[in-house]
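Residue-level structural notes
This is what each chain is made of:
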Amino acid sequence: MTAKLKTPLYQPPPAFDALWMPLIGRLLRWRWGRLTLQTPLLLIALLLIYDGFSGSPMASRNLATITPWVHFRGLAVLALLLVGNLFCMGCPFTIPRTLAKRLSIRGRRFPRVLRNKWIAIGTLFALFFFYEWLDMWASPALTAWVITAYFAASFVLEAAFTESAFCKYVCPLGSFNFTYSAVSPLQIQVKNSAICAACVGKECVNGSYSPQPVTLIDEIGIQGEPIKTHEHNSRGTPGCGTLLFAPQIQSNMDCTMCLDCARACPHDNIGLFGRGFGAELSRPKVWQNRYDISFLVIGLAWLGLVNAFGMVPPVYDLMQSLAAAFGLTALGLSDKLIEGVALLLIFMVGAGVIPLATTFAAAGLARMLTHTQKRDKLRVALASFAPIFVPIGLGFWIAHYGYHFLTGLWTIVPVFQEFLLNHRIGILGEPNWTLGGTPNLELIGALQAVAVVIGYAASLWLTQKIALRLYRRQMLAGFVVWALLLTVMLLAGLWLFSQPMEMRGVVIFD
Amino acid sequence: MKKLFWLVAALALASCQLVAQTEVQTETAIPAATVIPGETLTDETYLTIETAGFSGPLPPGETALQVTVRDGAGLVVEGASVQARGDMTHPGMTPIFGIGVETAPGVYRVPLDLNMGGDWVITIDATSANGLSATQQVNLQVEN
Ligand code: SF4
Ligand code: SF4
Ligand SMILES: [Cu+2]
């Protein structure tokens, strides 16, 4: 019998590092790893632009509308929940951007006043408003234009500025992904922060690229001779485009999962580590108590409600009464314009006034009830609880996008078959339009409710954790205030998703 | 600055297209006549389709279209094969199909199951016994 210790020596559990998974890990660490992911997505994007402009103008028979509005959105939210920010990782818009980077002469940094999330909040608001008003979902050509605009905007901003300004400050999709990757079970982290402290080049953020070879000395011997060196050269990789410094990363915010940092680090000190779902959300000051990030997160949860509200029958009644109340019909405006004004009002109230008013009120009330007015600024009282809007918000988005994804899952097959046939490629045969049959709307409805309730429950759990940390023995008062707001949102969500979907493009005002 | 200009220019271009798009979308029917290639448009060479059976928004569920098929001279066409396909304007919805049954000379009843609220585009195809055909699109709205 071999000798065994009664109590084994303590060993920290080995953390899961996605970069060391068999095969996939190798691919990810490989110099061209990201490009391998991006290339198929680039080809898909080009195909969508092509079909959007040249194919059927009917949205349900065009790849440009089906792919992004049915499949991409559904898959993106699921990936964020289950893996991480995979869509930024494979983002095709950044390929021409890399080209722009090479072309750009030493650019400037993005203007300091704009280095925050306010523009992104604006682009998100605008994207969802125009999506709803101009019925982007019903127009392949319009969708193709939006994809083209993404390519153009990311190219131009990359050419003009040194950092990846488009991803970090402008892109609405990226901002959505950054927000909800807070729940993802993977995060960039360093293996040993002592190595970072002694690291000379800080390549994770600076990059290891240099037009002429440069030698960096990592370690000097007793006689002053270099013991360990490494080189920067033209084969090096760029550092973090969104200027994150690996040993400081506590949150997935702004991380596009490009893995440039891992490739650039000369000490192989970076991993894509497993962590608990939503682990960062309960970390103190994870987003530095910033207003811009807080309102990105809070606003997105409400936008989730407003976006879904735009697709159920009561929105049309509300628009009618708004048009009547403000005398819009009497002004002789066109129906489309009236719809725009009414919709803008709904968006401004639902995704602007209500989130601002309720969160400031909740923060103020919680501060008062817990007697922390002197200790905490209103900003701190509010921003500390911003993370609680992530799970409930994601629940809304999953319920909505999951609905389209599940009801439309198979419809892409006949549309693709038709596309091939129209281009005289017969390998997939005649389009099978009835594939998948009629979706089971009861089951999907139940799943939607489950998504919303789980999101709400996770938010509540987070609320008590944050309240306990912030208010200690007074936590109950703080908890109740925020929990009440979450409950109102839950009820609104459940009511919304119990409504029949009714997607109307043409609204006639009387 | 120059780069910014191009960005603005690209966006402006995009918005022009965008406005044009929305205008196109609200237009309804496409011409109902199909001309046999190489032939001139005479009374004998085309069909027309008239539809009835809905005015204003419909409730969701089973409904039927009345389709009348006429030739160029305005006479009803008997024994034509009439088919309809309904697509929602929202992508990701399975299309519906209906086959016309002649209920009176030249008049066909096409059953359709409008299974969801929203905007629908119904495409009607008619083919006469002597091989002429016509297609017509009709937009309709289903309200819960
Ligand atoms: S992660 Fe790598 S490159 Fe960055 S500071 Fe640490 S050791 Fe240096
Ligand atoms: S380089 Fe920056 S954005 Fe890319 S994976 Fe590393 S931390 Fe994330
Ligand atoms: Cu929807």
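Residues numbered from 1 in each chain as written. Chains lettered and ligands numbered in written order. Predicted model: local features only at pLDDT ≥ 70, side-chain atom pairs only at ≥ 80, totals over all residues. Heavy atoms only, no water.

**A closer look at the overall build of chain B**
- Counting its secondary structure elements, chain B contains one helix and eight strands.
- For chain B, the sequential pattern of α-helices and β-strands runs α-β-β-β-β-β-β-β-β.
- Long-range pairs, those at least 24 residues apart, make up 57% of the contacts in chain B between residues at least 6 apart in sequence.
- Of the roughly 7400 Å² that chain B leaves accessible, carbon and sulfur atoms contribute 60%. (Helix = DSSP H or I, 4+ residues; strand = E, 2+ residues; numbered from the N terminus. Contact = heavy atoms within 4.5 Å. Areas by Shrake-Rupley, 256 points an atom, 1.4 Å probe, with all protein chains shown as cover.)

**A few points about the site of ligand 2**
- Every residue lining ligand 2 is accounted for by A:I188, A:C240, A:T242, A:L244, A:I249, A:C255, A:T256, A:M257, A:C258, A:L259 and A:C261.
- Per-class residue counts for the shell around ligand 2 are nine nonpolar, two polar and no charged. (Near = heavy atom within 4 Å. Nonpolar A, V, L, I, M, F, W, Y, C, P; charged D, E, K, R; others polar.)

**Points about the pattern of salt bridges**
- In the structure shown here, the tally under the stated rule is 13 salt bridges over all chains.
- With a closest N to O distance of 2.7 Å, A:R290 and A:D292 form a salt bridge.
- By relative accessible area, A:R290 is classed as partly exposed at 30%.
- Classification of A:D292 as buried rests on a relative accessible area of 5%.
- For B:R85, the salt bridge is made with B:D87, and the minimal N-O distance between the two is 2.7 Å. (Salt bridge = Lys/Arg side-chain N within 4 Å of Asp/Glu carboxyl O. Buried < 20%, exposed > 50% of the residue type's maximum accessible area, 1.4 Å probe, protein only.)

**Focus on the site of ligand 1**
- Within the structure, ligand 1 sits among A:V190, A:C196, A:C199, A:K202, A:E203, A:C204, A:F245, A:C265, A:P266, A:H267, A:N269 and A:I270.
- Here the residues of the shell around ligand 1 sort into eight nonpolar, two polar and two charged.

**Comments concerning the coordination of the copper ion (ligand 3)**
Residues and elements named next belong to chain A.
- With distances of 1.9 to 2.1 Å, the protein atoms coordinating the copper ion (ligand 3) are M311 (SD), H400 (NE2) and H404 (NE2).
- All donors of the copper ion (ligand 3) belong to a single chain; written as a sequence motif, their spacing is M-x88-H-x3-H. Remark: H404 and H400 occur in helix α17 (residues 389-408); sequence separation between them is four residues, near one turn of the helix.
- For H400, a relative accessible area of 0% gives the class buried. (Donors = N, O, S within 2.8 Å, 3.2 Å for Na, K, Ca; no water.)

**Some details on the pairing of strand β5 (residues 101-104) of chain B**
Residue and element names in this part refer to chain B.
- As paired strands, β5 and strand β6 (residues 107-114) are joined by three bridges and run antiparallel to one another. Note that in β6 the partner of A104 across the bridge is V107.
- Remark: two residues form the turn of the hairpin made by β5 and β6, two consecutive strands paired antiparallel; G106 in that turn has positive phi of roughly 80°. (Pairing = 2+ DSSP bridges.)

**Some details on the packing of helix α13 (residues 291-309) of chain A against helix α20 (residues 475-498) of chain A**
Residue and element names in this part refer to chain A.
- Where α13 meets α20, the closest approach of the two axes is 10 Å, and the angle between their N-to-C directions is 20°. One element, α13, and the other, α20, form an angle in the roughly parallel class. Once α13 is placed against α20, the crossing between them reads as left-handed. For the pair formed by α13 and α20, the contact residues are A301, W302, L305, A308 and F309 on the first element and L485, M489, A492, G493, W495, L496 and F497 on the second.
- The residue inventory of the contact of α13 with α20, partitioned by class, reads eleven nonpolar, one polar and no charged. (Axes fitted to C-alpha atoms, helices over the stretch in contact; angles between N-to-C directions. Parallel < 35°, antiparallel > 145°, perpendicular 65-115°, else oblique. Left-handed = near helix turned anticlockwise from the far one by under 90°.)

**Regarding the interface of chain A and chain B**
- Taken residue by residue, the interface counts 41 residues in chain A and 33 residues in chain B.
- Between chain A and chain B we count one salt bridge in total.
- Linking B:D87 and A:R61 is a salt bridge whose minimum nitrogen-to-oxygen distance equals 4.0 Å.
- A total of eight residues in the side of chain A that touches chain B trace back to one element, the largest contributor, which is helix α7 (residues 140-160) of chain A.

**Comments concerning the sheet that holds strand β1 (residues 47-52) of chain B**
Residue and element names in this part refer to chain B.
- With antiparallel pairing, the four strands of this open sheet are ordered in space as β1-β2-β6-β5. Where the open sheet ends on each side, the last strands, each with one partner, are β1 and β5. The average undirected angle you get between the axes of adjacent strands in this sheet is 40°.
- Sheet topology places β1 next to strand β2 (residues 61-71); six bridges connect them, and they run antiparallel. Residue pairing across strands places E50 opposite T68, the latter belonging to β2.

**Considering the packing of helix α15 (residues 335-369) of chain A against α20(A)**
Residues and elements named next belong to chain A.
- Packing of α15 against α20 brings their axes to within 8 Å, and their N-to-C directions diverge by 165°. Accordingly, the angle class assigned to the pair α15 and α20 is roughly antiparallel. Where α15 crosses over α20, the two elements pack in a sense that is right-handed. Between α15 and α20, the residues in contact are T358, T359, A362, A363, L365, A366 and L369 and A477, G478, V481, W482 and L485, respectively.
- Looking at side-chain class alone, the contact of α15 with α20 contains nine nonpolar, three polar and no charged residues.

**With respect to the domain arrangement of chain A**
Residues and elements named next belong to chain A.
- The domains assigned to chain A are domain 1 (33-183), domain 2 (186-274) and domain 3 (291-510).
- Between the C-alpha centres of domain 1 and domain 2 there is a distance of 28 Å.
- With 18 residues of domain 1 at the contact, the number on the domain 2 side is 14 residues.
- In terms of surface lost to domain 2, no three residues of domain 1 exceed R34, K168 and F178, which account for 35% of the buried area on that side.
- Across the domain 1-domain 2 interface, the total number found is one salt bridge.
- Across the pair D254 and K117 runs a salt bridge whose closest N-O atoms are separated by 2.6 Å.
- The tally of links between domain 1 and domain 2 comes to six residue pairs in polar contact (both at pLDDT 80 or more).
- For the side of domain 1 that touches domain 2, the elements supplying multiple residues, two or more each, are α2 (33-54), α4 (86-89), α8 (165-170) and α9 (172-180).
- If one sorts the elements of the side of domain 1 that touches domain 2 by residue count, α4 sits on top with three residues. (Domains from an automatic or database assignment. Buried area = accessible area lost by both parts, 1.4 Å probe. Polar contact = N/O pair within 3.5 Å; in protein donor to acceptor, adjacent residues only side chain to side chain.)

**What about the pairing of strand β2 (residues 214-220) of chain A?**
- By the bridge criterion, six bridges tie β2(A) to strand β3 (residues 226-232) of chain A in an arrangement that is antiparallel. Counted as the bridge partner of A:E219 is A:K228 from β3(A).

**Let's talk about helix α6 (residues 118-133) of chain A**
All names here are of chain A.
- Its 16 residues give α6 an end-to-end C-alpha distance of 22 Å, which sits within 8% of 22 Å, the value for a rise of 1.5 Å per residue.
- Within α6, the full set of buried residues consists of A120, L124, L127, F128, F129, Y131, E132 and W133.
- D135 sits one or two residues past α6 and shows a positive phi near 50°. (Expected span 1.5 Å × (residues − 1).)

**Description of α15(A)**
Residues and elements named next belong to chain A.
- Counted at 1.5 Å a residue, the expected span for α15 with its 35 residues is 51 Å, and the 48 Å between its end C-alpha atoms agrees.
- Along α15, the helix axis deviates most sharply at V349, where the bend reaches about 35°.
- Trailing α15 by a residue or two, H371 shows a phi angle of about 55°, which is positive. (Bend = angle between axes of the 7 residues up to and from the residue.)

**Description of the packing of aromatic side chains**
All names here are of chain A.
- Here the structure, examined in full by the defined rule, presents 26 aromatic pairs over all chains.
- On the basis of an interplanar angle of 85° and a centroid distance of 6.2 Å, the ring pair of Y50 and F419 is categorised as edge-to-face. One end of the pair, Y50, is in helix α2; the other, F419, is in helix α18 (residues 412-422), and 369 residues separate them in sequence.
- Judged by relative accessible area, F419 falls into the buried class, the value being 10%.
- Relative to F151, the ring of F93 has its centre 4.8 Å away and its plane inclined at 85°; by these criteria the two rings are edge-to-face. Note that F93 is positioned in the loop between α4 and α5 (94-103) and F151 in helix α7, a separation of 58 residues in sequence. Judged on exposure class, the residue F93 and its partner F151 are both buried.
- Site record: aromatic cluster; members linked through ring pairs are F125, F129, F130, W133 and F347. (Phe/Tyr/Trp six-rings, centres within 6.5 Å; stacked < 30°, edge-to-face > 60°.)

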